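Residue-level structural notes
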Amino acid sequence: MLRFKQFISEDMPYLDDEYEQSKEDKAFRAADLRQRLKSLDAAKGDTPLKKIGEIGPYEVHHVPTEMAGLIGGHIYRQHHAVVTHKGNRVGVVTFSEEKPGFMDLPKHLVSQHPLFQLSHSGRKARVSGLPSHVYRMISQHLNMPVVSGARQSRGGQNVWKNLAKMGKVSALNTRTGERIHDYDPDKPEHHNIVYSSTSGGGYQSGYYWLLMHHPEQPKKENP
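The text that follows walks through the structure, step by step, so that each part is easy to find. Everything quoted here is computed from the prediction, not taken from an experiment.

The terminal C-alpha atoms of helix H3 (residues 130-142), which comprises 13 residues, lie 19 Å apart, in line with the 18 Å expected from a rise of 1.5 Å per residue. Among the residues of H3, Leu130, Pro131, Ser132, Val134, Tyr135, Met137, Ile138, Ser139 and Leu142 are the ones counted as buried.

What follows deals with the packing of aromatic side chains. Note on aromatic pairs: each is described by the distance of the centres and the angle between the planes. Within the structure shown, the criterion is met by two aromatic pairs. For the pair Phe95 and Tyr135, a centre-to-centre distance of 5.4 Å together with 80° between the ring planes defines the contact as edge-to-face. Here Tyr135 lies in helix H3 and Phe95 lies in strand E4 (residues 88-98), a separation of 40 residues in the sequence. Here Tyr135 and Trp160 contribute two aromatic rings whose centre-to-centre distance is 6.5 Å and whose plane-to-plane angle is 85°, an arrangement assigned as edge-to-face. Of this pair, Tyr135 sits in helix H3 while Trp160 is found in helix H4 (residues 154-166), placing the two residues 25 residues apart along the sequence. By relative accessible area, Tyr135 is classed as buried at 3%. These aromatic residues form a ring-pair network of at least three members: Phe95, Tyr135 and Trp160.

Right, let's get into the pattern of salt bridges. Summed over all chains, the structure comprises seven salt bridges. A salt bridge links Glu59 to Lys51; the shortest N-O distance between them is 3.3 Å. Relative accessible area serves as the criterion here: at 40%, Lys51 is assigned to the partly exposed category. For Glu66, the salt bridge is made with Arg77, and the minimal N-O distance between the two is 2.9 Å. In this pair, Glu66 sits in strand E2 (residues 58-68) while Arg77 sits in strand E3 (residues 75-85), placing the two residues 11 residues apart along the sequence. Exposure remark for Arg77: the relative accessible area of 36% places this residue in the partly exposed category. Residues participating in the shared-partner salt-bridge network are Lys51, Glu54 and Glu59.

Cut-offs applied
- Along each chain, numbering runs from 1 in the same order as the chain's sequence is written.
- Note on the predicted model: pLDDT of at least 70 is required for a residue's local features to be given, and 80 or more for side-chain atom pairs to be given and counted; whole-chain, interface and lining totals, by contrast, use all residues.
- Working from all heavy atoms in the structure, the side-chain values ignore hydrogens and water.
- The secondary structure listing takes helices from DSSP runs of H or I that are at least 4 residues long and strands from runs of E that are at least 2 residues long, numbered from the N terminus.
- Multiplying one less than the number of residues by 1.5 Å gives the expected span of a helix.
- Buried residues are those whose accessible area, probed at 1.4 Å on protein chains only, stays under 20% of the maximum for their type, while exposed residues exceed 50% and partly exposed ones sit between those limits.
- Pairing of aromatic rings covers Phe, Tyr and Trp, the last through its six-membered ring, and needs centres within 6.5 Å; plane angles under 30 degrees mean stacked, over 60 mean edge-to-face, and all others mean tilted.
- A pair is scored as a salt bridge if a Lys or Arg side-chain nitrogen falls within 4 Å of a carboxyl oxygen belonging to Asp or Glu.

This is the structure we're talking about:
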(Lines give C-alpha, C1' and ligand atoms only; values in the text may rest on other atoms or scores of the structure.)
Protein backbone atom coordinates (compact mmCIF):
# COMPACT_ATOMS: atom_id res chain seq x y z
CA MET A 1 0.00 0.00 0.00
CA LEU A 2 1.30 3.47 -0.86
CA ARG A 3 2.07 5.81 1.99
CA PHE A 4 0.05 9.02 2.07
CA LYS A 5 2.93 11.13 0.77
CA GLN A 6 3.42 8.71 -2.10
CA PHE A 7 -0.29 8.87 -2.89
CA ILE A 8 -0.08 12.67 -2.95
CA SER A 9 2.91 12.40 -5.29
CA GLU A 10 0.81 10.45 -7.77
CA ASP A 11 -2.11 12.85 -7.45
CA MET A 12 -0.72 16.39 -7.45
CA PRO A 13 3.01 16.13 -6.60
CA TYR A 14 3.93 19.66 -7.66
CA LEU A 15 1.67 21.16 -4.99
CA ASP A 16 2.93 19.16 -2.02
CA ASP A 17 5.65 21.36 -0.52
CA GLU A 18 6.20 19.02 2.43
CA TYR A 19 6.95 16.13 0.12
CA GLU A 20 10.56 17.09 -0.44
CA GLN A 21 11.56 16.70 3.23
CA SER A 22 12.25 12.96 2.86
CA LYS A 23 15.13 11.55 0.82
CA GLU A 24 13.01 8.49 0.13
CA ASP A 25 10.21 10.67 -1.16
CA LYS A 26 12.60 12.62 -3.38
CA ALA A 27 13.80 9.37 -4.93
CA PHE A 28 10.22 8.15 -5.38
CA ARG A 29 9.13 11.25 -7.27
CA ALA A 30 12.27 11.35 -9.41
CA ALA A 31 11.77 7.71 -10.37
CA ASP A 32 8.13 8.35 -11.23
CA LEU A 33 9.06 11.21 -13.56
CA ARG A 34 11.86 9.17 -15.18
CA GLN A 35 9.45 6.30 -15.83
CA ARG A 36 6.85 8.63 -17.35
CA LEU A 37 9.46 10.13 -19.70
CA LYS A 38 10.84 6.68 -20.54
CA SER A 39 7.36 5.45 -21.45
CA LEU A 40 6.78 8.57 -23.52
CA ASP A 41 10.04 8.11 -25.42
CA ALA A 42 9.04 4.53 -26.24
CA ALA A 43 5.55 5.54 -27.35
CA LYS A 44 6.50 8.53 -29.49
CA GLY A 45 9.29 6.79 -31.40
CA ASP A 46 10.83 9.27 -33.82
CA THR A 47 8.08 11.85 -33.36
CA PRO A 48 9.91 15.11 -32.61
CA LEU A 49 9.00 17.53 -29.85
CA LYS A 50 6.86 20.38 -31.20
CA LYS A 51 7.28 23.62 -29.31
CA ILE A 52 3.90 25.27 -28.76
CA GLY A 53 4.84 28.15 -26.49
CA GLU A 54 6.75 29.58 -23.56
CA ILE A 55 5.79 30.13 -19.93
CA GLY A 56 8.38 32.48 -18.48
CA PRO A 57 11.73 30.65 -18.74
CA TYR A 58 10.01 27.36 -19.60
CA GLU A 59 9.25 25.94 -23.04
CA VAL A 60 6.24 23.68 -23.58
CA HIS A 61 6.32 20.99 -26.27
CA HIS A 62 3.45 18.87 -27.58
CA VAL A 63 3.90 15.17 -28.35
CA PRO A 64 0.83 13.20 -29.57
CA THR A 65 0.75 9.40 -29.23
CA GLU A 66 -1.75 6.72 -30.25
CA MET A 67 -2.38 3.19 -29.02
CA ALA A 68 -4.78 0.60 -30.45
CA GLY A 69 -7.14 -0.94 -27.92
CA LEU A 70 -7.52 -4.69 -27.48
CA ILE A 71 -11.27 -4.63 -28.12
CA GLY A 72 -12.79 -3.33 -31.33
CA GLY A 73 -9.59 -1.68 -32.53
CA HIS A 74 -10.39 1.56 -30.69
CA ILE A 75 -7.58 4.11 -30.96
CA TYR A 76 -6.58 5.75 -27.69
CA ARG A 77 -5.04 9.16 -28.23
CA GLN A 78 -2.92 10.98 -25.69
CA HIS A 79 -1.31 14.39 -25.77
CA HIS A 80 1.83 14.97 -23.73
CA ALA A 81 2.95 18.45 -22.69
CA VAL A 82 6.68 18.21 -22.06
CA VAL A 83 8.08 21.14 -20.10
CA THR A 84 11.74 22.05 -20.55
CA HIS A 85 14.02 24.53 -18.81
CA LYS A 86 17.32 25.48 -20.42
CA GLY A 87 17.01 22.49 -22.73
CA ASN A 88 16.35 19.96 -19.96
CA ARG A 89 13.06 18.13 -19.49
CA VAL A 90 11.77 19.08 -16.06
CA GLY A 91 8.14 18.00 -16.22
CA VAL A 92 5.41 16.31 -18.21
CA VAL A 93 1.62 16.47 -18.16
CA THR A 94 -0.27 13.76 -20.05
CA PHE A 95 -3.81 14.29 -21.34
CA SER A 96 -6.15 11.61 -22.67
CA GLU A 97 -8.39 12.61 -25.58
CA GLU A 98 -12.02 11.66 -24.90
CA LYS A 99 -14.80 11.37 -27.47
CA PRO A 100 -17.92 13.56 -27.27
CA GLY A 101 -21.23 12.23 -26.03
CA PHE A 102 -21.18 11.79 -22.26
CA MET A 103 -23.53 14.40 -20.72
CA ASP A 104 -23.35 16.27 -24.05
CA LEU A 105 -19.69 17.06 -23.46
CA PRO A 106 -17.70 17.90 -26.60
CA LYS A 107 -14.48 16.16 -27.49
CA HIS A 108 -12.20 17.00 -24.57
CA LEU A 109 -9.00 16.30 -22.67
CA VAL A 110 -8.62 14.65 -19.26
CA SER A 111 -5.32 15.11 -17.44
CA GLN A 112 -3.31 12.45 -15.67
CA HIS A 113 -1.39 13.59 -12.61
CA PRO A 114 1.32 16.10 -13.62
CA LEU A 115 4.92 15.29 -12.76
CA PHE A 116 7.66 17.88 -12.24
CA GLN A 117 11.17 17.80 -10.84
CA LEU A 118 11.34 18.97 -7.24
CA SER A 119 13.46 21.94 -8.27
CA HIS A 120 10.58 23.11 -10.49
CA SER A 121 7.66 22.20 -8.22
CA GLY A 122 5.44 24.28 -5.96
CA ARG A 123 7.12 27.44 -4.74
CA LYS A 124 10.38 26.46 -6.43
CA ALA A 125 8.88 26.78 -9.89
CA ARG A 126 10.08 29.89 -11.74
CA VAL A 127 6.44 30.67 -12.62
CA SER A 128 3.64 30.59 -10.07
CA GLY A 129 0.92 28.09 -10.91
CA LEU A 130 3.03 26.46 -13.62
CA PRO A 131 0.79 23.37 -14.12
CA SER A 132 -2.29 25.56 -14.63
CA HIS A 133 -0.48 27.46 -17.36
CA VAL A 134 0.38 24.14 -19.04
CA TYR A 135 -3.26 23.03 -18.94
CA ARG A 136 -4.33 26.31 -20.51
CA MET A 137 -1.67 26.20 -23.22
CA ILE A 138 -2.40 22.63 -24.37
CA SER A 139 -6.15 23.36 -24.34
CA GLN A 140 -5.60 26.41 -26.52
CA HIS A 141 -3.18 24.64 -28.84
CA LEU A 142 -5.56 21.72 -29.50
CA ASN A 143 -8.72 23.86 -29.28
CA MET A 144 -10.23 21.35 -26.86
CA PRO A 145 -11.54 21.90 -23.32
CA VAL A 146 -9.86 20.21 -20.36
CA VAL A 147 -12.25 18.39 -18.01
CA SER A 148 -11.50 17.50 -14.39
CA GLY A 149 -12.36 14.35 -12.51
CA ALA A 150 -15.30 14.31 -10.09
CA ARG A 151 -12.94 14.29 -7.08
CA GLN A 152 -10.29 16.90 -6.39
CA SER A 153 -7.51 17.05 -3.84
CA ARG A 154 -6.62 20.43 -2.38
CA GLY A 155 -3.79 20.58 -4.90
CA GLY A 156 -6.17 19.83 -7.75
CA GLN A 157 -8.47 22.57 -6.53
CA ASN A 158 -5.64 25.09 -6.76
CA VAL A 159 -5.07 24.15 -10.40
CA TRP A 160 -8.72 24.79 -11.22
CA LYS A 161 -8.91 27.98 -9.18
CA ASN A 162 -5.98 29.30 -11.18
CA LEU A 163 -7.61 28.23 -14.45
CA ALA A 164 -10.81 30.05 -13.50
CA LYS A 165 -8.79 33.23 -13.04
CA MET A 166 -7.08 32.75 -16.41
CA GLY A 167 -10.23 32.14 -18.46
CA LYS A 168 -13.65 30.52 -18.61
CA VAL A 169 -14.36 27.50 -16.43
CA SER A 170 -17.79 25.90 -16.20
CA ALA A 171 -19.10 23.13 -13.95
CA LEU A 172 -21.42 20.19 -14.63
CA ASN A 173 -23.15 17.94 -12.11
CA THR A 174 -23.19 14.51 -13.75
CA ARG A 175 -25.90 13.29 -11.38
CA THR A 176 -28.47 16.09 -11.73
CA GLY A 177 -27.42 17.78 -14.98
CA GLU A 178 -27.11 21.14 -13.19
CA ARG A 179 -24.63 23.51 -14.82
CA ILE A 180 -22.66 26.49 -13.61
CA HIS A 181 -21.69 28.41 -16.73
CA ASP A 182 -19.06 30.61 -15.07
CA TYR A 183 -17.36 28.98 -12.12
CA ASP A 184 -15.91 31.60 -9.78
CA PRO A 185 -13.71 30.23 -6.95
CA ASP A 186 -14.21 33.48 -5.03
CA LYS A 187 -17.97 32.91 -4.73
CA PRO A 188 -18.72 30.95 -1.53
CA GLU A 189 -21.74 29.29 -3.11
CA HIS A 190 -19.59 27.89 -5.89
CA HIS A 191 -16.96 26.61 -3.49
CA ASN A 192 -19.57 24.92 -1.35
CA ILE A 193 -21.30 23.32 -4.32
CA VAL A 194 -18.27 22.10 -6.22
CA TYR A 195 -16.01 21.27 -3.29
CA SER A 196 -17.88 20.04 -0.24
CA SER A 197 -15.63 18.92 2.62
CA THR A 198 -15.09 15.30 3.55
CA SER A 199 -13.24 13.86 6.49
CA GLY A 200 -10.49 11.80 4.89
CA GLY A 201 -6.91 13.01 4.53
CA GLY A 202 -7.76 16.57 3.58
CA TYR A 203 -9.44 15.36 0.41
CA GLN A 204 -12.66 16.81 -0.87
CA SER A 205 -15.40 15.42 -3.04
CA GLY A 206 -17.04 17.23 -5.91
CA TYR A 207 -20.27 15.27 -5.47
CA TYR A 208 -20.31 14.31 -9.16
CA TRP A 209 -19.24 17.78 -10.32
CA LEU A 210 -16.90 18.11 -13.28
CA LEU A 211 -15.04 21.32 -14.04
CA MET A 212 -14.28 22.28 -17.64
CA HIS A 213 -11.73 24.82 -18.82
CA HIS A 214 -12.74 26.28 -22.19
CA PRO A 215 -10.11 27.39 -24.72
CA GLU A 216 -10.33 31.01 -25.75
CA GLN A 217 -12.09 31.60 -29.03
CA PRO A 218 -10.42 33.93 -31.55
CA LYS A 219 -11.95 37.37 -31.68
CA LYS A 220 -13.88 38.13 -34.83
CA GLU A 221 -12.67 41.12 -36.75
CA ASN A 222 -15.19 43.76 -37.68
CA PRO A 223 -15.89 43.83 -41.45
